[in-house]
Amino acid sequence: MEVRINISHYPAYIILILLSALAACTEQKEHTAPAINPEDSVSVMVSYGINTLISDSGVMKYRIVAERWEVNEAKNPPRWYFSRGIFMEQFDEKFHVETYIQADTAYNFTQQKLWHLIGHVRVKTVDGLVFWSEELWWDQNRHELYSNLYSHVVTPEREIEGAYFTSDENMRHYKVTNTKGNFIREEDKEDSTTTAANTPADYTVNVKRSPAKPVLPKINR
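Chemist: Sorry if this is basic, but what is going on with the layout of surface pockets here?
Modeler: Where empty space is left can be seen by rolling a probe of water-molecule size over the atoms. Taken as a whole, the largest pocket spans an internal volume of roughly 280 Å³. Lining the largest pocket are 16 residues, and of these Lys61, Gln90, Phe91, His143 and Glu169 sit closest to its centre. Among the elements of the structure, strand S2 (59-72) and strand S4 (86-91) are those that each provide at least two residues to the lining of the largest pocket. At four residues, S2 tops the list of elements feeding residues into the lining of the largest pocket. Its residues placed into classes, the lining of the largest pocket shows five nonpolar, four polar and seven charged.

Chemist: How should I be thinking about the environment of Ser151 in this particular structure?
Modeler: As for its placement among the helices and strands, Ser151 is situated in strand S10 (residues 151-154). Here the alpha-carbon distance between Ser151 and Val176, two residues 25 residues apart in the chain, equals 8.2 Å. In this view, Ser151 contacts Phe131, Trp132, Ser133, Ile160, Glu161, Gly162 and Phe165; residues no more than four positions away in its chain are not counted. Within the local environment of Ser151, its side chain forms a polar contact with the backbone oxygen of Leu149, the two atoms lying 3.0 Å apart.

Chemist: What am I meant to see in the pairing of strand S6 (residues 105-109) here?
Modeler: The side chains of a regular strand alternate, first on one face of the sheet and then on the other. The element S6 is largely enclosed, with a buried count of five among its five residues. The side-chain alternation of S6 yields two buried faces, one formed by Thr105, Tyr107 and Phe109 and the other by Ala106 and Asn108. Across three bridges, the pairing between strand S3 (residues 79-82) and S6 is antiparallel. Residue Trp80 lies in a different strand from S6, and its bridge partner there is Asn108. Pairing of S6 with strand S7 (residues 114-125), which is carried by five bridges, proceeds in the antiparallel orientation. Within S7, the residue paired with Tyr107 across the bridge is His116.

Chemist: Even after reading the chapter, I still don't get the pattern of salt bridges, so can you show me in this structure?
Modeler: Side chains carrying opposite charge are able to pair once their charged atoms draw close together. Scanning the model with the defined rule gives six salt bridges in all. Close ionic contact of Arg84 with Glu67 constitutes a salt bridge, the shortest N to O distance being 3.4 Å. A residue pair is termed long-range when its members are at least 10 positions apart, and Arg84 in the loop between S3 and S4 and Glu67 in strand S2 qualify at 17 residues. Classification of Arg84 as partly exposed rests on a relative accessible area of 45%. Through salt bridges with shared partners, one network takes in Glu98, Asp127 and Arg172.

Chemist: Whenever I open this one, the packing of aromatic side chains confuses me. Can you help?
Modeler: What characterises a pair of aromatic rings is the spacing of the ring centres plus the angle enclosed by the ring planes. One pass over the structure, following the stated rule, counts 14 aromatic pairs. With a centroid separation of 6.4 Å and 10° between ring planes, the pair formed by Trp137 and Tyr146 is classed as stacked. By relative accessible area, which is 5% here, Trp137 ends up buried. Through a chain of ring-to-ring contacts, three or more aromatic side chains come together here, namely Tyr62, Trp69, Trp80, Phe82, Trp115 and Trp138.

Here is what the cut-offs are and how they apply
- Residues numbered from 1 in each chain as written.
- Predicted model: local features only at pLDDT ≥ 70, side-chain atom pairs only at ≥ 80, totals over all residues.
- Heavy atoms only, no water.
- 1 Å grid on protein atoms, 1.4 Å probe; cavity = no way out; pocket = protein on both sides within 12 Å on 5 of 7 lines; lining within 4 Å.
- Points joined across faces, edges and corners; volume = space filled by probe spheres on them.
- Helix = DSSP H or I, 4+ residues; strand = E, 2+ residues; numbered from the N terminus.
- Nonpolar A, V, L, I, M, F, W, Y, C, P; charged D, E, K, R; others polar.
- Contact = heavy atoms within 4.5 Å.
- Polar contact = N/O pair within 3.5 Å; in protein donor to acceptor, adjacent residues only side chain to side chain.
- Buried < 20%, exposed > 50% of the residue type's maximum accessible area, 1.4 Å probe, protein only.
- Pairing = 2+ DSSP bridges.
- Salt bridge = Lys/Arg side-chain N within 4 Å of Asp/Glu carboxyl O.
- Phe/Tyr/Trp six-rings, centres within 6.5 Å; stacked < 30°, edge-to-face > 60°.

Read these as geometric descriptors, not functional statements.
Written out as structure tokens, the structure reads:
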């Protein structure tokens, strides 16, 4: 549409009004931003100085103490992220502390109910077991802990280290493969110890079954 106006016959303020009206009639160009990918998403919550209790199905399961807690539901898979270290207390059904866990970094993939602890991972139980490694996975669906990296286990009776570790959540039934270390033999507890030279390749403590090697999920960080 073409509009011709002789502006010489109109005062200045009328001319401004006409020009504004013509500008409003012109087609506006829509400005859009590029699509946001899940990798570019920001956390829906970032909290500092955390000391909180976590429950599952109405039952108190553990306490988390952390300097920084980040929740991101847009990433695949959704996750909690503890970038500045984490300390956890795990409770039994009577709300007694059974296990202490700490690590430099931790991910909790909430949909899979899977924890990934990284860096200076330390676990201590009320039974006197101490575990440390650079990595530990905690599968809450299977109620298992496992690590594919070098792991070290110390109890009042034995000291074991190996390349692969798997255990129940309470670390009362565990298995270490490719082991070496010292431990007291059941048939000769008074003086004899078994050394690295004759330690079996796989050492199992109170294992009711031999769990299959877990398949780690593909995770986009």
